[in-house]
Amino acid sequence: MKNKGFTTRLVHADRMVNSPENGAVHQATTNSVLFEFKEAQDIVDVFQGKKAGHVYGRSSTASNVALQNILNHIEDGVGAITFATGMAAITATMLSLFKAGDHIIVSHFLFGNTRSLIETMESLGIEISYVDVTDVINVKSALKINTKAVYLETIANPVTQVADLRAIGQLCQAENILFLVDNTMTPANMFNAKSVLASLTIGSLTKYIAGHGNVLGGVVVDTGVFDWESFENILPIYRGTDIAQWGLTQIKKRGLRDMGATLSPTSAHAISVGLETLALRTNKICENAMRLASYLHGHEHVAAVYYPGLADHPQHFLAREHFKGYGGILSFDLTDGIDPIAFLNALNLVICATHLGDTRTLALPVASTIYFECTAEQRHEMNVSDNMIRMSIGIEDVDDLVADFEQAFAQF
Ligand SMILES: *Cc1c(COP(=O)(O)O)cnc(C)c1O
């Protein structure tokens, strides 16, 4: 399957990689939490990891394994673990790999809930440095003797800063520290995480991967780039014969099994179905976003547009190097005097909602919603103005989206 195109692999992977029973093209979904062993020795062997199998629904199910296999396959990794949500995947990874006294360098521009989780980690004694990851220099100067990892997002939300991915990946490799990349905004068809030496990709399946706003999920994939042997936080019990699996084993046991944010089998199946059209959707989304960004860019009622596809975006050259397409997130500042709330109410087709990666185009006022917990000073630091609107572009016929904006602007 490796030499086939992305979507060809996606729609045939379940059948060809996992061979579900009875010629089914989808893995059967079971709600069984428990699994019977006719031979008692088998339950012992599965518990001890000597044999593959499922023992309890919190740790694994066939539906989750099928989804994990496909997600691992498209990242060309050494394994994947799925979770109930993207936040569960991030939390489980962080809390199973790091401990008090460790230092982690994180992006200054993080998804709000991740930022809040990082604050919890600080309260547990993990040292954090926030840096501007659009330039590797800032990461380099934050390195300390106890630095264990760098954590960032490929394209940040809502201002669309693009991380200096290749240079940071090379720095992490030279320093022998983990490079954790949240690639929610740029799934595997748009971005090759392994090529920038990401150790783990972590992200939300809720967004572009599932794509239809009807299911939550998260995942961590190990790209196989990192040498776990030198990572001192791996507990002796998880140092098995296959060193490539050490990190995922610890995340699976300490993060998934113990913390318990398991993806349900029906959700795993719904995500697998959504995933089949990932490239079709994101190609259309990127095309629509580029057109809308260009339309808004010169508009008299728009003070600024943030979209990595625009030539005047500060990291346009990085985005062009790393991504196929420029993503579906586009933010803009209305000119002073136009109230973002009134403007959103004037849009008819565009839905006012806080989600992204959907088939439908969504918008929300940024400062008063996802950033309302921040002080005005913090918002200013993150370049979030009071007039900012964040859009998540969908797959609609783009002329209809432009027309919706035209009629809304005409009211001001
Ligand atoms: C939405 C999102 C998450 C969290 O995912 P959930 O599935 O909603 O828990 C994490 N990171 C980024 C960049 C996101 O956009």
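The rules behind the values
- Residues take numbers from 1 onward in each chain, read along the sequence in its written order.
- Local features in a predicted model are, by the rule used here, given only for residues with pLDDT of at least 70; side-chain atom pairs are given and counted only at 80 or more, and totals for whole chains, interfaces and linings are based on all residues.
- To get the side-chain values, all heavy atoms of the structure are used, and hydrogens and water are removed first.
- Numbering goes from the N terminus for both helices and strands, where a helix is a DSSP run of H or I of at least four residues and a strand is a run of E of at least two.
- We compute the radius of gyration over the C-alpha atoms and compare it with the globule rule, which gives 2.2 Å times the number of residues raised to the power 0.38.
- Burial classes follow relative accessibility: with a 1.4 Å probe on protein chains only, a residue under 20% of its type's maximum area counts as buried, one over 50% as exposed, and anything between as partly exposed.
- Two residues form a contact once any of their heavy atoms are found within 4.5 Å.
- Each accessible area is a Shrake-Rupley result for a 1.4 Å probe, and residues are judged covered by the shown protein chains and nothing else.
- For the purpose of charge, His is not counted, nor are the chain termini; Lys and Arg are scored as positive and Asp and Glu as negative.
- Charged groups are reduced to one reference atom each: NZ for lysine, CZ for arginine, CG for aspartic acid, CD for glutamic acid.
- In this analysis, strands are considered paired if DSSP registers two or more bridges between them.
- Two distance rules govern patches: like charges are joined within 9 Å, and nonpolar side chains (Val, Leu, Ile, Met, Phe, Trp, Tyr) within 5 Å, applied only to residues with over 30% relative accessible area and no salt bridge.
- Salt bridges are counted wherever a side-chain nitrogen of Lys or Arg sits within 4 Å of a carboxyl oxygen of Asp or Glu.
- Here a polar contact means two N or O atoms within 3.5 Å. Within protein one must be a hydrogen donor candidate and the other an acceptor candidate, and residues neighboring in sequence count only if both atoms are side-chain atoms.
- Residues are labelled near a given molecule or strand when at least one of their non-hydrogen atoms is within 4 Å of it.
- Joining through side-chain atoms within 4.5 Å is the link that ties buried Ala, Val, Leu, Ile, Met, Phe, Trp, Tyr and Cys residues into a set, and such a set is a nonpolar core.
- Note that the domain bounds reflect an automated or database-derived domain assignment.
- Accessible area that two parts lose when put together, with a 1.4 Å probe and added across both, is what the buried area reports.
- Under this grouping Gly is polar, as are all residues other than the nonpolar Ala, Val, Leu, Ile, Met, Phe, Trp, Tyr, Cys and Pro and the charged Asp, Glu, Lys and Arg.

Looking at this structure, I do not really get the overall build of the protein chain. What am I missing?
If you tally the helices and strands in the protein chain, you get 14 helices and 12 strands. Taken over the C-alpha trace, the protein chain has a radius of gyration of 22 Å; the compact-globule value for 412 residues is 22 Å, and the two agree within 12%. Its C-alpha atoms give the protein chain principal-axis dimensions of roughly 75 × 55 × 40 Å. Among the 412 residues that make up the protein chain, the fraction classed as buried is 54%. Counting only contacts in the protein chain whose residues sit at least 6 apart along the sequence, the fraction spanning at least 24 positions is 70%. Within the structure as shown, the protein chain displays about 17,600 Å² of accessible surface, and the carbon and sulfur contribution to it stands at 52%. Each charge class in the protein chain can be summarised by its mean position, and for the 29 positive and 43 negative side chains these summaries are 9 Å apart.

Would you mind showing me how to read the sheet that holds strand S9 (residues 329-334) here?
For sheets, the rule is that strands pair by backbone hydrogen bonds, running either parallel or antiparallel. Taking strand neighbours across the sheet as the criterion, the five strands line up as S8-S9-S12-S11-S10 in an open arrangement whose pairing is mixed. Two strands in the sheet have a free side with no partner beyond their single neighbour: strand S8 (302-306) and strand S10 (351-352). Relative to strand S12 (residues 388-392), S9 is paired through five bridges, and the arrangement is antiparallel. If you follow Phe-332 over to S12, its bridge partner there is Ile-389.

How should I be thinking about unusual backbone geometry in this particular structure?
Asn-157 connects to Pro-158 through a cis peptide bond whose omega is 10 degrees. Positive phi is not limited to glycine here, since Thr-160 has a value of about 65 degrees. With respect to the helices and strands, the residue Thr-160 is situated in the loop between strand S4 (147-153) and helix H7 (165-175). Note on Thr-160: relative accessible area 0%, which makes it buried.

When you look at a nonpolar patch on the surface in this model, what are you seeing that I'm missing?
Taken together, the side chains of Val-33, Leu-34 and Tyr-56 define a hydrophobic patch exposed on the protein surface, amounting to about 300 Å² of accessible area. In this fold, Val-33 is placed in the loop between helix H1 (6-18) and helix H2 (40-47).

Sorry, what's going on with the side chain of Lys-148 here?
With respect to the element layout, Lys-148 can be found in strand S4. A polar atom in the side chain of Lys-148 sits 3.4 Å from the side chain of Glu-232. With sequence-adjacent residues up to four places away left out, Lys-148 is seen in contact with Phe-98, Asp-102, His-103, Ile-177, Leu-178, Phe-231, Glu-232 and Asn-233.

How should the site of the ligand be read in this particular structure?
Taken together, 13 residues lie near the ligand, and Gly-86, Asp-182, Ser-204, Thr-206 and Lys-207 sit nearest. Between Thr-206 and the ligand, the recorded distance is 2.6 Å, taken from a side-chain N or O atom to an oxygen atom. Contacts to the ligand include Lys-207, whose side-chain N or O atom sits 2.8 Å from an oxygen atom. In isolation the ligand has 380 Å² of accessible area, and contact with the protein removes 92% of it. Ranked by the residues each element gives to the shell around the ligand, the list is headed by helix H4 (residues 86-97), at three residues.

I keep staring at the nonpolar core and nothing clicks. Help me out?
Inside soluble globular proteins, nonpolar side chains tend to come together where they are buried. Phe-179, Leu-330, Phe-332, Phe-343 and Phe-405 are the most contacted members of the largest nonpolar core, which has 79 residues in total. Top contributing element to this core by residue count: helix H10 (residues 278-297), with eight residues. Looking at which domains feed residues into this core, each of domain 1 (6-30 + 61-275) and domain 2 (280-409) gives three or more. Counting 33 residues, the second-largest nonpolar core is a separate cluster that includes Met-121, Ala-149, Val-220 and Phe-226.

I'm lost on the domain arrangement of the protein chain in this one. Help?
Interface extent is often summarised as the accessible area lost during association of the parts. Parsing the protein chain into structural domains produces domain 1 (6-30 + 61-275) and domain 2 (280-409). Computed from C-alpha atoms alone, the centre-to-centre distance between domain 1 and domain 2 is 26 Å. At the interface, 32 residues of domain 1 touch 38 residues of domain 2. For the pair domain 1 and domain 2, the two sides together bury roughly 2,800 Å², of which 59% comes from carbon and sulfur. Taken as a group, Pro-158, Met-190 and Tyr-208 account for 25% of the area that domain 1 buries against domain 2, more than any other trio of residues on that side. Linking domain 1 with domain 2 are one salt bridge. A salt bridge links Arg-166 to Glu-321, with the shortest nitrogen-to-oxygen separation between them at 2.9 Å. At the junction of domain 1 with domain 2, the criterion picks out 12 residue pairs in polar contact (both at pLDDT 80 or more). If you list the elements that add at least two residues to the side of domain 1 that touches domain 2, you get H7 and helix H9 (265-275). Partitioning the side of domain 1 that touches domain 2 into residue classes produces 15 nonpolar, 14 polar and three charged.

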